[in-house]
Amino acid sequence: MKSKWFVTLFGAVPFAAAVIFLQSCGGEGGPINGGNGGLPSVTKEFEALLTSNQRNASYVGPQACAGCHGDTGDHWEQTMHAEKKVTCERCHGPGSVHVSGPSKDNILTYPKVTNSVVCAQCHGPIHSQWTFSQHSKFISDPVEEAVLDPARYGKSSRCVACHSGLFRTQVVDGGVDIPNMDDEAIRTIAEHTLSDVPQVANCATCHNPHSNTGNLTDDGKEVQLRHKIFNDDISKVGPGATAASFTTFDHICAQCHNGRGTNPADNRLEAGTARPSMHDSNQYNMLMGFGGVEGSGPVIRNTAHANAPGQCSKCHLPDSRHTFTVSYDKSCAPCHTAADAAARIQSTKGEVIDELLALRYLMENWAAITFGDRDLWDYTSLITAEGKTPPDQTLVPIEVKRARHNYYFVIRSGDYGAHNAPYAKHLITIGSQNMQRASSGAAQGSSRQSLSFDQKLAILEADRARARDADKLAWDE
Ligand code: HEC
Ligand code: HEC
Ligand code: HEC
Ligand code: HEC
Ligand code: HEC
Ligand code: HEC
Ligand code: HEC
Ligand code: HEC
């Protein structure tokens, strides 16, 4: 697999060495344990997390903790943090009171210790990058739903497993079996998320604070990642995968960015006619090339992108930059120059968008001829949302159901061919072929060539938003 990495387009250029950013001054004052060894001081934001029982405590050093928390101490000993004297108390706060009367109320612990403020004391620049990313933001709806109906939004839909960094850390990575949790436990974690750590994915979600994990970066560095950065075993997230396997998939990004078991088999398409079966999170499926209706001929599943050793992190964390945005000069090297990458993105997106619109036009024409209304090709709840009455779905041939699955599959991934251009194009081609069959070869091409790029994109993004709304309606019912 990895040998493809060396098939580069412009010759191998060494990667820029990853740079560690540390804040030179972590804020004012704060108690220091026998000299802070050049580490930044404790911050006010961190102190604000401490309980009143702990405010007057003093620092006792890691040996004092090891006596009772031996395992954690042993693991921590192996880490870069131990080497740099980042002791237990730098994250858990001063421990003298706790040591003389251990309780969860006199030491900083779950849930508040998972707040990124703890790490920001020293990793200021990385923390600021992260605050620019969607991961530091919060989509409250799925978590609020889990407070109201934990059995549904916690256990069966597992919304909180991907939309609450805290839930993922404590429950999913804590190895707790979700279906066996009682509703009250789910509700409590969802409430803690809303009140204490309203973050989709924070430092402690991705990094194990105590242990080296062996999940190395693409250049072989141990950065205590909870999951692998490279995993090409798609069976755990493939069509029909159980909620348990796609929620716990061992991949630092695809544990959340997967298609949630989306299934393109004909019988599933016949059964699921209300809304698209993939979530907006199907980027891993797209990168690896699985989850669309592929037809019976040869399938181009991968580009070299899926085989880059860092997979998502290669492009989305160049030089460990935690905004999770790509940069053409750093992410795409050594395979493309920045100019080549930019040009390829522009032409690929243009082509994919045109082809998607052409496919949409085929579906519209089919609906106009069959039902006298161009909008009736769509999933039923999306039609209902437009104030129209959807046709009986037994009157919609399987070819149309395949085409609309592929249409939404490409749109919802949101990258318009950047991740896996050959697969995206293949799915659109299969969709178009199916529409030709449904229309007995009478299908017409697109009439939208005169629109600007932005106008075309707006049509597709509107469909993506409609699909999201259909998801929302489904859980509001
Ligand atoms: C004398 C034994 C002892 C020592 C020493 C000790 N702890 Fe504890 N610690 C405990 C016990 C017992 C609990 C569980 C308290 C409870 O469940 O109410 C605990 C709980 C904790 C928790 C919360 C765990 C959870 O499940 O939420 C943290 C964090 C913690 N200790 C950190 C430390 C740190 C850091 C030190 C060193 C400064 C330390 N402990 C020293 C016995 C000790
Ligand atoms: C870099 C920050 C950091 C350091 C250093 C650190 N912890 Fe933690 N600790 C955390 C975070 C964040 C959590 C909650 C997330 C989790 O459970 O993985 C946690 C959870 C815990 C817990 C409760 C959950 C569990 O795993 O049992 C205990 C007990 C604990 N730490 C003890 C310690 C001790 C003892 C040390 C020193 C040997 C230490 N920690 C060093 C950040 C840190
Ligand atoms: C008191 C300061 C301090 C705090 C608090 C702190 N770190 Fe660090 N961290 C460091 C230092 C120092 C290094 C070593 C950097 C170097 O010199 O290469 C480091 C290294 C790391 C590394 C790279 C490990 C390696 O082997 O290169 C990771 C990942 C990391 N920290 C994550 C975290 C997370 C997550 C938290 C919060 C749970 C946290 N840190 C809290 C100071 C801190
Ligand atoms: C397998 C992980 C996973 C599960 C389970 C999951 N989501 Fe998501 N969801 C994501 C990811 C990842 C995104 C972001 C995709 C993107 O931005 O391209 C997302 C996006 C969303 C959005 C759109 C956010 C926006 O920016 O407008 C909503 C709303 C949403 N999810 C609601 C839910 C609800 C409700 C549930 C439960 C019924 C749920 N999700 C279950 C991973 C998941
Ligand atoms: C969504 C997952 C994710 C989140 C959230 C996250 N990280 Fe990371 N982090 C990674 C990955 C992946 C890498 C390895 C990137 C690479 O390949 O260089 C990394 C690398 C690092 C490194 C090593 C940097 C180096 O130059 O070697 C540090 C330190 C670090 N993260 C700290 C943090 C801190 C602090 C936060 C919170 C503000 C955080 N991370 C949040 C995934 C994450
Ligand atoms: C705990 C679940 C989780 C993990 C782990 C995770 N993400 Fe996300 N990610 C999300 C959710 C949910 C959103 C959408 C947040 C929103 O819209 O507010 C998101 C948003 C994003 C976005 C922004 C999308 C946009 O619409 O602008 C990017 C890019 C991204 N993630 C990449 C990554 C990468 C790369 C990794 C691995 C290093 C990763 N994510 C790990 C859940 C996760
Ligand atoms: C070859 C580089 C590359 C790899 C590998 C890659 N991405 Fe991307 N990704 C991109 C580019 C480029 C875009 C931006 C497309 C654009 O210009 O809008 C993007 C866009 C995204 C978006 C935003 C989509 C939106 O809603 O706008 C998310 C989320 C995302 N990627 C997540 C991931 C995840 C998760 C992985 C791993 C499974 C991954 N990416 C792997 C290059 C990559
Ligand atoms: C591991 C090497 C590697 C990395 C890193 C990489 N690419 Fe690629 N990319 C390739 C290869 C190989 C192809 C296929 C080239 C071909 O078929 O001509 C490709 C194809 C593409 C395509 C499809 C265009 C076409 O001509 O079919 C786009 C778009 C693209 N890359 C953009 C990017 C962007 C943007 C980045 C960085 C964010 C990136 N790539 C990172 C190796 C890479």
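What you see is a predicted model, and the numbers here were worked out from it, not measured in a lab.

Enquirer: Outline the overall build of the chain, listing residues and values.
Expert: Secondary structure summary: the chain contains 25 helices and zero strands in total. A compact globule built from 477 residues would reach a C-alpha radius of gyration of about 23 Å, and the chain, at 25 Å, matches this within 12%. Each principal axis of the C-alpha atoms in the chain carries an extent, and together these give about 80 × 55 × 35 Å. Per-residue burial over the chain gives 47% buried out of 477 residues.

Enquirer: Before we move on, could you go through unusual backbone geometry and cite the residues and values that matter?
Expert: Omega for the peptide link from Tyr 110 to Pro 111 comes to 0 degrees, which places this bond in the cis form. You can see Pro 111 is positioned in the loop between helix H7 (96-100) and helix H8 (117-120). The amide bond that connects Ala 333 to the next residue, Pro 334, takes the cis arrangement and shows omega of 0 degrees. Tracing the backbone through its elements, the reader meets Pro 334 in the loop between helix H20 (328-331) and helix H21 (338-371). At Arg 158, a position not held by glycine, the phi torsion is positive, near 55 degrees. Along the polypeptide, Arg 158 turns up in the loop between helix H11 (150-156) and helix H12 (159-163). Within the chain, Gln 224 stands out as a residue other than glycine whose phi angle is a positive 60 degrees. Mapped onto the secondary structure, Gln 224 falls in the loop between helix H15 (203-206) and helix H16 (243-247).

Enquirer: Please give an account of the site of ligand 1 that cites residues and values.
Expert: Lining the immediate surroundings of ligand 1 are 17 residues, of which Cys 65, Cys 68, His 69, His 98 and Thr 109 lie closest. Residue contributions to the shell around ligand 1 peak at three residues, all from helix H6 (residues 88-92). Grouping the constituent residues of the shell around ligand 1 by class yields nine nonpolar, six polar and two charged.

Enquirer: Describe the coordination of the iron atom of ligand 6, and please don't skip the residues or the numbers.
Expert: Here the iron atom of ligand 6 is held by His 135 (NE2) and His 257 (NE2), and the distances to it run 2.0 Å. For His 257, a relative accessible area of 33% translates into the label partly exposed.

Enquirer: Tell me about the site of ligand 3, residues and numbers included.
Expert: For ligand 3, the set of nearby residues contains 18 residues, the closest of which are His 81, Cys 119, Cys 122, His 123 and Glu 222. A distance of 2.8 Å separates a nitrogen atom of ligand 3 from a polar side-chain atom of His 123. Here an oxygen atom of ligand 3 and a backbone polar atom of Glu 222 are 2.8 Å apart. When contributions to the shell around ligand 3 are tallied by element, the ones reaching two or more residues are helix H5 (80-83) and H8. Classifying every residue of the shell around ligand 3 gives ten nonpolar, four polar and four charged.

Enquirer: Give me the coordination of the iron atom of ligand 8: which residues, what numbers.
Expert: Donor atoms from the polypeptide that coordinate the iron atom of ligand 8 comprise His 305 (NE2) and His 336 (NE2), at 2.0 to 2.1 Å from the metal. Taken together, the six donor atoms coordinating the iron atom of ligand 8 and their angles of 84 to 179 degrees define a geometry best described as octahedral. A residue pair is termed long-range when its members are at least 10 positions apart, and His 305 in the loop between helix H18 (283-288) and helix H19 (312-316) and His 336 in the loop between H20 and H21 qualify at 31 residues. Residue His 336 is classed as buried on the basis of its relative accessible area of 15%.

Enquirer: Mind laying out H21, listing which residues take part and the relevant values?
Expert: Counted at 1.5 Å a residue, the expected span for H21 with its 34 residues is 50 Å, and the 48 Å between its end C-alpha atoms agrees. At the C-terminal side of H21, Gly 372 shows a positive phi close to 75 degrees.

Enquirer: Explain the pattern of salt bridges residue by residue, including any values.
Expert: A full pass over the atoms with the stated rule returns 24 salt bridges. Here Glu 364 ties to Arg 374 by a salt bridge, and the two come within 3.2 Å at their closest N and O atoms. Of the two residues, Glu 364 sits in helix H21 while Arg 374 sits in the loop between H21 and helix H22 (380-385), which places them ten residues apart along the sequence. A residue is classified by how much of its surface remains accessible, and Glu 364, at 6% relative accessible area, is buried. Judged by its relative accessible area of 32%, Arg 374 is partly exposed. With its nearest N and O atoms 2.6 Å apart, the salt bridge here joins Arg 466 to Asp 378. Residue Arg 466 is found in helix H25 (residues 453-476), and its partner Asp 378 is found in the loop between H21 and H22; the two are separated by 88 residues along the sequence. Pair check on accessibility: Arg 466 and Asp 378 agree, each one buried. One salt-bridge network, held together by shared partners, links Arg 275, Asp 280, Arg 412, Glu 461, Arg 464, Arg 468 and Asp 471.

Enquirer: Explain the domain arrangement of the chain residue by residue, including any values.
Expert: Taken domain by domain, the chain holds domain 1 (44-122), domain 2 (138-199) and domain 3 (250-476). Centre-to-centre separation of domain 2 and domain 3, based on C-alpha positions: 29 Å. Contact with domain 2, which involves ten residues of that partner, is made by eight residues of domain 3. Summed over both partners, the interface of domain 2 with domain 3 buries about 650 Å², with 45% contributed by carbon and sulfur atoms. Put simply, domain 2 and domain 3 have one residue pair in polar contact (both at pLDDT 80 or more) between them.

Enquirer: Can you explain helix H23 (residues 398-413)? Please cite residues and give values.
Expert: For H23, built from 16 residues, the straight-helix expectation of 22 Å at 1.5 Å per residue is met to within 8% by its first-to-last C-alpha distance of 23 Å. Among the 16 residues that make up H23, 16 are buried, leaving the element largely enclosed by the rest of the structure. Looking one or two residues beyond H23, the residue adopting positive phi is Gly 414, at roughly 80 degrees.

Enquirer: Give me the packing of helix H10 (residues 140-148) against helix H14 (residues 183-195): which residues, what numbers.
Expert: Taken N-terminus to C-terminus, the directions of H10 and H14 make an angle of 145 degrees; their axes are 8 Å apart at the nearest point. As for how H10 packs across H14, the hand of that crossing is left-handed. For the pair H10 and H14, the contacting residues are Ser 140, Val 143, Glu 144, Ala 146, Val 147 and Leu 148 in the first and Arg 187, Ala 190, Glu 191, Thr 193 and Leu 194 in the second. Counted by class, the contact of H10 with H14 contains six nonpolar, two polar and three charged residues.

Rules behind the numbers
Residues numbered from 1 in each chain as written. Chains lettered and ligands numbered in written order. Predicted model: local features only at pLDDT ≥ 70, side-chain atom pairs only at ≥ 80, totals over all residues. Heavy atoms only, no water. Helix = DSSP H or I, 4+ residues; strand = E, 2+ residues; numbered from the N terminus. Rg over C-alpha atoms; globule rule 2.2 N^0.38 Å. Buried < 20%, exposed > 50% of the residue type's maximum accessible area, 1.4 Å probe, protein only. Near = heavy atom within 4 Å. Nonpolar A, V, L, I, M, F, W, Y, C, P; charged D, E, K, R; others polar. Donors = N, O, S within 2.8 Å, 3.2 Å for Na, K, Ca; no water. Polar contact = N/O pair within 3.5 Å; in protein donor to acceptor, adjacent residues only side chain to side chain. Tetrahedral: all angles 85-135°; square planar, octahedral: opposite > 155°, others 65-115°. Expected span 1.5 Å × (residues − 1). Salt bridge = Lys/Arg side-chain N within 4 Å of Asp/Glu carboxyl O. Domains from an automatic or database assignment. Contact = heavy atoms within 4.5 Å. Buried area = accessible area lost by both parts, 1.4 Å probe. Axes fitted to C-alpha atoms, helices over the stretch in contact; angles between N-to-C directions. Left-handed = near helix turned anticlockwise from the far one by under 90°.

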